[in-house]
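Residues per chain, in single letters:
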Amino acid sequence: MAPGILTDIPILDQVLGAHAVQLGIDFVGYRNHAYRVANLCVVLAPGGRDELEKIAIASAFHDLGIWTDGTFDYLEPSARLARAHLAAGCHPEWILEVESMIADHHKLTPSRADTAWLVEPFRKADWIDVSRGALTFGLPARIVRPILAVWPSAGFHRRLIQLSIRRLRTHPLNPLPMMRL
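A short tour of the structure in this document, coming up. (Residues numbered from 1 in each chain as written. Predicted model: local features only at pLDDT ≥ 70, side-chain atom pairs only at ≥ 80, totals over all residues. Heavy atoms only, no water.)

**As for the overall build of the protein chain**
Part 1: Regarding its fold elements, the protein chain presents 10 helices and 0 strands.
Part 2: Its helices and strands in sequence order give the protein chain the pattern α-α-α-α-α-α-α-α-α-α, from N to C terminus.
Part 3: Against the 2.2 N^0.38 benchmark of 16 Å for 181 residues, the protein chain shows a C-alpha radius of gyration of 15 Å, consistent with a compact globule.
Part 4: Principal-axis analysis of the C-alpha atoms places the extent of the protein chain at approximately 45 × 35 × 35 Å.
Part 5: Here the protein chain holds 181 residues, and 48% of them are scored as buried.
Part 6: Positive and negative charge centroids in the protein chain, built from 19 and 18 side chains respectively, lie 9 Å apart. (Helix = DSSP H or I, 4+ residues; strand = E, 2+ residues; numbered from the N terminus. Rg over C-alpha atoms; globule rule 2.2 N^0.38 Å. Buried < 20%, exposed > 50% of the residue type's maximum accessible area, 1.4 Å probe, protein only. Lys, Arg positive; Asp, Glu negative; His and termini not counted. Charge placed at Lys NZ, Arg CZ, Asp CG, Glu CD.)

As structure tokens, then:
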């Protein structure tokens, strides 16, 4: 195991465990994606326990609407799940930041959210993972590669391609509704 890679984030596992039935056969692939994004975000924006928890919550929920709501237009359903989780007593004061992390994680351009928030590092972390390390935002391969190796795709990237093709067939004028400028 590569040193410094997070392999046990209880809140991330708790949230995903609560949605294991909806994730079904995609559970391991999505869990690994969430762990890769969390690890990459921590490297991009190291901080304390609160920052790690925000990153873990955003990582767990950011794409979850695909499975819970059965839609590829999943940013709002994913944000709604995170909002409900945080409002239920976890950390309601984090709602705006975590919602912004989810809403902007597929932006093609830098986020305009509060620069003190974790939105931009989270966006970069997700792009690094989705691109399988082709995009690095300056992170050296010696950091990115071990994270990708510890948490393999497990079919996640293949599932994204399948969902993209399905969406293209049914919505040819709006195949990637989650993308933002």
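**Focus on the environment of Ala-45**
Part 1: Within the fold, Ala-45 resides in the loop between α3 (27-44) and α4 (49-61).
Part 2: Spatially, the C-alpha atoms of Ala-45 and Ile-5 are 14 Å apart, while their sequence positions differ by 40 residues.
Part 3: Not counting residues up to four positions away in its chain, the partners in contact with Ala-45 are Ile-55, Leu-118 and Pro-121. (Contact = heavy atoms within 4.5 Å.)

**A word on the packing of α3 against α4**
Part 1: Running from N to C, α3 and α4 point in directions that differ by 145°, and their axes come no closer than 9 Å. The crossing of α3 and α4 is right-handed. For the pair α3 and α4, the contacting residues are Tyr-30, Ala-34, Val-37, Ala-38, Cys-41 and Val-42 in the first and Leu-52, Ile-55, Ser-59, Ala-60 and Phe-61 in the second.
Part 2: Per-class residue counts for the contact of α3 with α4 are 10 nonpolar, 1 polar and no charged. (Axes fitted to C-alpha atoms, helices over the stretch in contact; angles between N-to-C directions. Left-handed = near helix turned anticlockwise from the far one by under 90°. Nonpolar A, V, L, I, M, F, W, Y, C, P; charged D, E, K, R; others polar.)

**Examining the packing of aromatic side chains**
Part 1: All chains considered together, the criterion is met by 4 aromatic pairs.
Part 2: Ring geometry for Tyr-35 versus Trp-151: centroids 4.2 Å apart, planes at 15°, classification stacked. Pair noted here: Tyr-35 is in helix α3 and Trp-151 is in the loop between α9 (141-150) and α10 (156-170), with a separation of 116 residues, a long-range link. Across this residue pair, the class does not change: Tyr-35 and Trp-151 are buried.
Part 3: Taken together, the aromatic side chains of Tyr-30, Trp-67 and Phe-156 make up a single cluster linked through ring pairs. (Phe/Tyr/Trp six-rings, centres within 6.5 Å; stacked < 30°, edge-to-face > 60°.)

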